[in-house]
Amino acid sequence: MPLALLLSRIRLPPAAMPSTRSASSARLVRASRADANPVVREVKRESSVSFDISKPESPSVKRKRVKRELEENGEHPVKQVVPDIEDFRYDKTKALTSSIKVEKKARVSAVIKVGAPENWEAVLRGIKNMRLSGQAPVDTKGCEKAGSLLPPKERRFAVLISTMMSSQTKDEVTHAAVERLSENGLLDPDAIVRTDEAMLANLIKPVGFYQRKAQFIKEASKICLERFGGDIPDSLNELLALRGVGPKMAHLVMSIAWKNTQGICVDTHVHRISNRLGWVFREGTKQKTTTPEQTRMYLEKWLPKDEWEPINPLLVGFGQTICTPLRPKCDMCGITNLCPSAFKESSSPNPKQKKTRSP
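Please read all numbers here as calculations on a predicted model, not as lab measurements. (Residues numbered from 1 in each chain as written. Predicted model: local features only at pLDDT ≥ 70, side-chain atom pairs only at ≥ 80, totals over all residues. Heavy atoms only, no water.)

Trainee: Would you mind going over the environment of T321 in detail, with residue names and values included?
Mentor: Summarising the element assignment, T321 is placed in helix 17 (residues 308-321). T321 gets classed as partly exposed once you look at its relative accessible area, which sits at 28%. Residue contacts for T321: discarding those within four places in its chain leaves A136 and K329. (Helix = DSSP H or I, 4+ residues; strand = E, 2+ residues; numbered from the N terminus. Buried < 20%, exposed > 50% of the residue type's maximum accessible area, 1.4 Å probe, protein only. Contact = heavy atoms within 4.5 Å.)

Trainee: Describe the side chain of T174, and please don't skip the residues or the numbers.
Mentor: Among the secondary structure elements, T174 is positioned in helix 9 (residues 171-183). Overall, the relative accessible area of 2% leaves T174 in the buried class. Not counting residues up to four positions away in its chain, the partners in contact with T174 are S162, M165, S166 and T169.

Trainee: Give me the lowdown on the nonpolar core, citing residues and values where you can.
Mentor: L160, M165 and L181 are the most contacted members of the largest nonpolar core, which totals 39 residues. Counting 31 residues, the second-largest nonpolar core is a separate cluster that includes Y298, W302, I311 and L314. (Core = buried A, V, L, I, M, F, W, Y, C linked by side-chain atoms within 4.5 Å.)

Trainee: Explain the packing of aromatic side chains to me, and be specific about the residues and the numbers.
Mentor: Under the definition given, this model contains three aromatic pairs. The interplanar angle of 80° and the centroid separation of 5.5 Å between the aromatic rings of W279 and W302 together place this pair among those described as edge-to-face. Remark: W302 occurs in helix 16 (residues 292-302) and W279 occurs in the loop between helix 15 (268-276) and helix 16; sequence separation between them is 23 residues. Each member of the pair, W279 together with W302, is buried. Arranged with centres 6.1 Å apart and planes meeting at 80°, the rings of F281 and Y298 form a pair that is edge-to-face. A residue pair is termed long-range when its members are at least 10 positions apart, and F281 in the loop between helix 15 and helix 16 and Y298 in helix 16 qualify at 17 residues. Taken together, the aromatic side chains of W120, W279 and W302 make up a single cluster linked through ring pairs. (Phe/Tyr/Trp six-rings, centres within 6.5 Å; stacked < 30°, edge-to-face > 60°.)

Trainee: Run through the side chain of R276, naming residues and quoting values.
Mentor: Looking at the element boundaries, R276 is found in helix 15. Within polar-contact distance, the side chain of R276 engages the side chain of E345 at 2.9 Å. Apart from residues lying up to four places away in sequence, R276 is in contact with C323, T324, P325, P328, C339, P340, S341 and E345. (Polar contact = N/O pair within 3.5 Å; in protein donor to acceptor, adjacent residues only side chain to side chain.)

Trainee: Run through the environment of L252, naming residues and quoting values.
Mentor: Locating L252 in the fold gives a position in helix 14 (residues 247-257). Along the sequence, L252 and E309 sit 57 residues apart, while their C-alpha atoms lie 8.4 Å from each other. Each residue touching L252, except ones within four places of it in the same chain, is listed here: C143, T163, C265 and N312.

Trainee: Tell me about empty space enclosed by the protein, and please be specific about residues and values.
Mentor: Where empty space is left in the structure can be found by rolling a water-sized probe over the atoms. Counted under the stated rule, the structure contains one cavity of 30 Å³ or more. If you add up the space inside the largest cavity, you get close to 150 Å³. Here the residues of the lining of the largest cavity are counted per class, giving ten nonpolar, two polar and three charged. (1 Å grid on protein atoms, 1.4 Å probe; cavity = no way out; pocket = protein on both sides within 12 Å on 5 of 7 lines; lining within 4 Å. Points joined across faces, edges and corners; volume = space filled by probe spheres on them. Nonpolar A, V, L, I, M, F, W, Y, C, P; charged D, E, K, R; others polar.)

Trainee: I'd like a description of the packing of helix 11 (residues 197-204) against helix 12 (residues 210-228), backed by residues and values.
Mentor: Direction vectors running N to C along helix 11 and helix 12 enclose 120°, while the axes themselves pass 8 Å from each other. Here helix 11 lies oblique to helix 12, going by the angle between them. Remark: the crossing between helix 11 and helix 12 carries right-handed chirality. Note on element contacts: helix 12 touches helix 11 through Y210, Q211, K213, A214, Q215, I217 and K218, opposite E197, L200, A201 and I204. (Axes fitted to C-alpha atoms, helices over the stretch in contact; angles between N-to-C directions. Parallel < 35°, antiparallel > 145°, perpendicular 65-115°, else oblique. Left-handed = near helix turned anticlockwise from the far one by under 90°.)

Trainee: Outline the pattern of salt bridges, supporting the account with residue identities and numerical values.
Mentor: In total, this model carries eight salt bridges according to the counting rule given. Ionic pairing is found between R243 and E219, a salt bridge with its closest N-O pair at 2.7 Å. One end of the pair, R243, is in the loop between helix 13 (236-240) and helix 14; the other, E219, is in helix 12, and 24 residues separate them in sequence. Taking the relative accessible area as the measure of exposure, E219 reaches 29% and is therefore partly exposed. For R296, the salt bridge is made with E293, and the minimal N-O distance between the two is 2.4 Å. Linking R296 with E293, this pair stays in helix 16, spanning three residues, or about one helical turn. Salt bridges sharing common partners tie together E293, R296 and E300. (Salt bridge = Lys/Arg side-chain N within 4 Å of Asp/Glu carboxyl O.)

Take a look at the structure:
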């Protein structure tokens, strides 16, 4: 068969045979699109224009580039006053750092410095003058008098036991209990541990809560033997760890036994008188303190440290003789002109008047 006849009979697929019509149609479509969108046509013709989808410049890189271009053109860059919008982006590290700084400043500013009360020095001098006689029970029978004739180690133990018994008990009663323990050879931790608890309670009676205090005294004596070689703890925290020893007792023991005053010993007398004098307030208010511990913390904010140790026996004796809990003797007090509570509490009992029926 002739070759020309064979080729005429073979049918090629549409893709294999280029179509002049289809090619020309495609050119017409492209041309019409270009005419409809001149921007696209212009972009296609401009070879120098390109689309950059890389990571955007950081603010610092952008500023450096602009500055360099201005310098190349002989222009001086103008100092930017308003920052780029990128500068306001949230930065977790910076935000955390700035919040910490603000918090620290707030904490420092929240610390309230308490000023000393007006005329407090004159008030203190007046009380000292009234206490010159030394006739109050605390002057002769206070806890600091316990075991005064004993060697230092034994005296420290006697001070601890006397202090533990003094809570809610008059000085005269506590002093008598210490004397009975001394007469029976029980101002010694080893002797107390070997003594029956019931017998110990009977010896210290009528000290307030004598049965419970006898239990605490035995426990403290055992700890003194096992951990301190028969001596007493020499730190505030270790004293507070003993059952039956509170802040008032711990500060008193540290001052008397170890001559190491770390805080003010505040009992009911110091607490009451400090409030009557207007020396203490609840934090952030002008209201009276409600607990001896609140009074202690407030007093320590302004009272000079050299007054911390003597303030307890001074005010205790003043409270035992003149500024008593009930019916204070304001008529005998020498600082009534400086005391905001003077004559506000009845100095003598008011007899109840009998109601008479009208006829």
